[in-house]
Amino acid sequence: METGDLNLACAWALVDGLVAGGVRDACLSPGSRSTSLALALARHPDVAVRVHLDERSSAFFAVGLARATSRPVAIACTSGTAAAEFLPGVVEASQSRVPLVVLSADRPPRFRGTGANQTIDQVGLYGTYMRAGLDLPVPEAPGQEAWWRQAAREALEATRSDPVGPVHVNCPFEEPFAPLRDVALPPPSGESLDLPDRPEAELTLEEADRLAALVTGARGAVVIGGWPGDVSEDATFWSDSLGWPVFAEPTSNARRPGRSLAAGQAVAGDRTWVLAHQPEVVIQLGAAPTTRTTQAFVASADGLVVADRWHLDPDVERRASWRIAVDADALGRAIGERRLQPAPAEWTEAWRDADDRGRVALDGFLDATGEPFEPRIARDVAAAAPPGGTLFVGNSTPVRDLDLAMAPRDELRVMANRGASGIDGLVSTSLGVAAAAQGPVVALLGDLTFLYDLGSVAWNADGGIDCTIVVVRNGGGEIFSLLPHLDVPERRDLFVTPHRTDLGALARAAGVGHIQVDRGADLVPALAHAAEATGLTVVEVVVDRARALALREELRRTVADALR
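Computed from a predicted structure; not experimentally measured. Here, residues in each chain are numbered from 1, in the same order as that chain's written sequence. Reporting of local features is limited, given that this is a predicted model, to residues whose pLDDT is at least 70; pairs of side-chain atoms are given and counted only at 80 or more, and all residues count toward the totals for whole chains, interfaces and linings. For side-chain calculations, the full set of non-hydrogen atoms in the structure is used, while hydrogens and water are omitted.

### Comments concerning the sheet that holds strand β8 (residues 246-248)
Part 1: Between any two strands, at least two bridges found by DSSP are needed for them to pair. Each helix is a run of H or I in the DSSP string that is no shorter than four residues. Each strand is a run of E no shorter than two, and both are numbered from the N terminus. Taking strand neighbours across the sheet as the criterion, the five strands line up as β8-β7-β9-β10-β11 in an open arrangement whose pairing is parallel. Whereas interior strands pair on both sides, the edge strands pair on one side only; in this sheet they are β8 and β11 (322-324). Each neighbouring strand pair of the sheet contributes to a mean axis angle of 15°, computed without reference to strand direction.
Part 2: Note: strand β7 (residues 220-224) against β8, three bridges, orientation parallel. Its bridge partner being in β8, Val222 is matched across the sheet by Val246.
Part 3: For this analysis, residues touch if any pair of their heavy atoms sits within 4.5 Å. Only C-alpha atoms enter the line fits that serve as axes; for helices the fit covers just the stretch in contact. Angles between N-to-C directions range over 0 to 180 degrees. Across the sheet, helix α7 (residues 205-215) lies against β9 (281-285), β10 (303-307) and β11, angled at about 130° from β11, the strand it touches most.

### Quick notes on the pattern of salt bridges
Two side chains of opposite charge can pair, provided their charged atoms sit close to one another.
Part 1: In the sections that follow, a salt bridge refers to a side-chain nitrogen of Lys or Arg positioned within 4 Å of a carboxyl oxygen of Asp or Glu. All told, the structure shown has 32 salt bridges when counted by the stated rule.
Part 2: Between Asp135 and Arg112 there is a salt bridge whose closest N-O contact spans 3.2 Å. Of this pair, Asp135 sits in strand β5 (residues 133-135) while Arg112 sits in the loop between β4 (100-106) and β5, and the two are 23 residues apart along the sequence.
Part 3: The rule is simple: take the accessible area with a 1.4 Å probe, protein chains only, and divide by the maximum for that residue type; under 20% is buried, over 50% is exposed, in between is partly exposed. Residue classification places Arg112 among the partly exposed residues on the basis of a relative accessible area of 22%.
Part 4: Asp270 is the partner of Arg564 in a salt bridge, and the nearest nitrogen-oxygen pair spans 2.6 Å.

### Observations concerning unusual backbone geometry
Part 1: That bond from Asp162 to Pro163 is cis: its omega, 10°, falls within 30 degrees of zero.
Part 2: The topology assignment puts Pro163 in the loop between α6 (145-159) and β6 (167-172).
Part 3: Positive phi values are uncommon outside glycine, yet Ser70 reaches one of about 60°.
Part 4: Along the polypeptide, Ser70 turns up in the loop between α3 (55-69) and β3 (73-77).
Part 5: One non-glycine residue, Arg97, lies in positive phi territory at about 65°.
Part 6: Mapped onto the fold, Arg97 is located in the loop between α5 (87-95) and β4.

### Remarks on the packing of helix α13 (residues 345-368) against helix α22 (residues 545-563)
Part 1: Contact pair α13 / α22: the axes reach a minimum separation of 9 Å and the direction vectors enclose 145°. Considering how the two elements wind past one another, α13 and α22 form a crossing that is right-handed. The residues of α22 that touch α13, namely those facing Ala354, Arg357, Gly358, Ala361, Leu362, Phe365 and Leu366, are Leu551, Glu554, Leu555, Thr558, Val559, Ala562 and Leu563.
Part 2: Throughout, the ten residues Ala, Val, Leu, Ile, Met, Phe, Trp, Tyr, Cys and Pro are labelled nonpolar, Asp, Glu, Lys and Arg are labelled charged, and all others, Gly among them, are labelled polar. Among the residues making up the contact of α13 with α22, the classes are represented as ten nonpolar, two polar and two charged. Crossings are sorted by hand: turned counterclockwise from the far helix by less than a right angle, the near helix makes the crossing left-handed, and turned clockwise it makes it right-handed.

### Points about the packing of aromatic side chains
Part 1: Put simply, two rings from Phe, Tyr or Trp (the six-membered ring, in Trp's case) pair if the centres are within 6.5 Å, and we call them stacked under 30 degrees between planes, edge-to-face over 60, tilted for the rest. One pass over the structure, following the stated rule, counts eight aromatic pairs.
Part 2: Between Trp238 and Trp244 the ring centres are 5.6 Å apart and the planes differ by 25°, which places this aromatic pair in the stacked class. Both residues of the pair, Trp238 and Trp244, count as buried.
Part 3: Between the aromatic rings of Trp347 and Trp351, the centroid separation amounts to 6.0 Å while the plane-to-plane angle is 65°, which identifies the pairing as edge-to-face. Of this pair, Trp347 and Trp351 both sit in helix α13, four residues apart, which is roughly one turn of that helix.
Part 4: The class for Trp351 is buried, based on a relative accessible area of 2%.
Part 5: In this arrangement the basic side chain of Arg107 is found over the ring face of Phe111, its NZ or CZ atom lying 5.3 Å from the centre.
Part 6: Stacked on the ring of Trp322, the Lys or Arg Arg210 has its end atom at 3.8 Å from the ring centre. In this scheme, the term charge over a ring applies when either NZ of a lysine or CZ of an arginine sits within 6 Å of the ring centre and within 35 degrees of the ring normal.

Following this line, the structure appears as structure tokens:
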């Protein structure tokens with residue numbers, strides 16, 4: 001066999017093996033040395049390939065696809081810095097427990113360390129963020145296809161390790177990269193790899209007895225952070241059976257009517273009220289709380305139990321008196337089977353009454369504001385997102401404003417890149433979620449986040465993806481107005497990074513729809529109009545930064561007055 005034929009045969013065996021293990025989507029960035037990978041992916045009938053000019057965007061797009069489908073997604077690129085561009089997306093996938101299979105083409109090992117063109121040391125490139133790294137042999141003789149197929153099995157087994165995450169398969173190729181003629185590839189094997197399931201992490205009998213003794217009759221609370229999957233049933237157990245307030249972050253997908261607090265952030269933000277209603281024990285499920293408000297509430301408890309299997313840092317301040325590596329549903333089942341006393345009636349009623357009053361005050365204030373500002377935007381976007389759809393929320397202020405203002409609702413998935421919590425690649429990730437075609441997708445992003453990943457908008461404008469991207473145009477860097485940076489003299493130039501970019505002109509140049517919203521009451525109609533359109537639509541909501549800061553303080557005082 002000629003070299004080009006061997007390259008394609010090995011690449012085909014690798015791809016067919018990945019398909020046998022459940023891979024159905026691949027994101028590809030063009031390159032020469034990755035020709036065999038590209039041909040194998042494109043010619044396999046069971047793989048949907050999306051081409052991205054930018055490897056960084058491609059990796060984040062794949063994160064969205066994998067997150068939405070709960071299946072591993074392959075990303076492929078040529079050698080050199082192309083593979084390095086995958087790193088931010090790989091980090092996010094690793095931190096947020098998303099399965100990716102990174103396929104990097106490479107020069108043969110003899111070129112490493114020689115200064116050869118487009119050559120870097122790609123082995124171990126992603127460090128500890130990979131669950132496994134495989135450096136495959138150069139295709140040199142017939143029969144090596146079996147090695148490459150076996151690599152697919154090993155890679156997929158590694159993605160399912162505990163915790164789930166990305167793997168790296170480095171694929172060296174000799175020239176010529178493409179077959180010199182039209183080579184007949186073997187038919188797809190149609191195999192289905194028997195990969196091991198991840199066993200559920202459960203409480204021991206001793207742990208269950210200890211936890212039951214801790215929670216029975218206690219004045220407690222539950223905080224549910226971001227979690228891979230839906231833990232809403234656990235919220236029902238804690239709120240209904242024990243009568244505890246449940247703080248469910250939107251990304252937990254446990255903020256449901258009757259199952260969690262409707263104004264938890266607003267109530268907990270009033271330190272006077274919280275000091276008079278401090279919990280004896282807090283059960284924290286999932287990742288560490290996003291907001292400082294919830295972090296302070298957790299810290300106020302006499303005892304803290306962190307129950308989490310997936311996250312690196314659910315207890316970053318080391319306040320927990322007990323940390324359990326357990327799945328949330330197993331935790332609820334273990335102690336739900338026991339006869340437990342609920343919290344004192346006055347504890348339950350105090351929180352329910354405060355939550356009701358806080359929600360009324362919150363909504364009343366937001367409805368009365370004529371101009372849009374961030375909490376109202378977050379509330380209205382979450383409420384208006386179509387049933388059965390997904391809301392993808394950006395980092396910095398959007399995810400925090402959503403936690404403050406989102407009312408509990410059903411039939412909506414909320415997603416975010418909270419593994420590494422960067423602003424890079426968030427447009428790409430939301431488009432990857434939309435490409436999974438599992439219902440309407442709305443993204444809520446800041447203006448700097450949008451500009452950072454603008455290339456993804458241009459590249460996917462005609463990609464057949466339907467998505468509404470709500471951009472809060474508040475001049476950039478709003479998060480720094482809410483931190484101690486507010487008093488730093490150089491705050492505006494060094495942290496806020498103001499811009500005067502015409503987002504409408506950029507949208508039109510990219511060939512996507514654009515709607516500008518200047519009044520608070522116009523946002524929901526704009527979202528309805530965008531939902532009826534096809535392709536990408538940018539809904540730009542203009543916010544007066546100084547006025548928004550003043551409104552935040554007025555909102556805080558309004559809720560505090562309602563709780564007195």
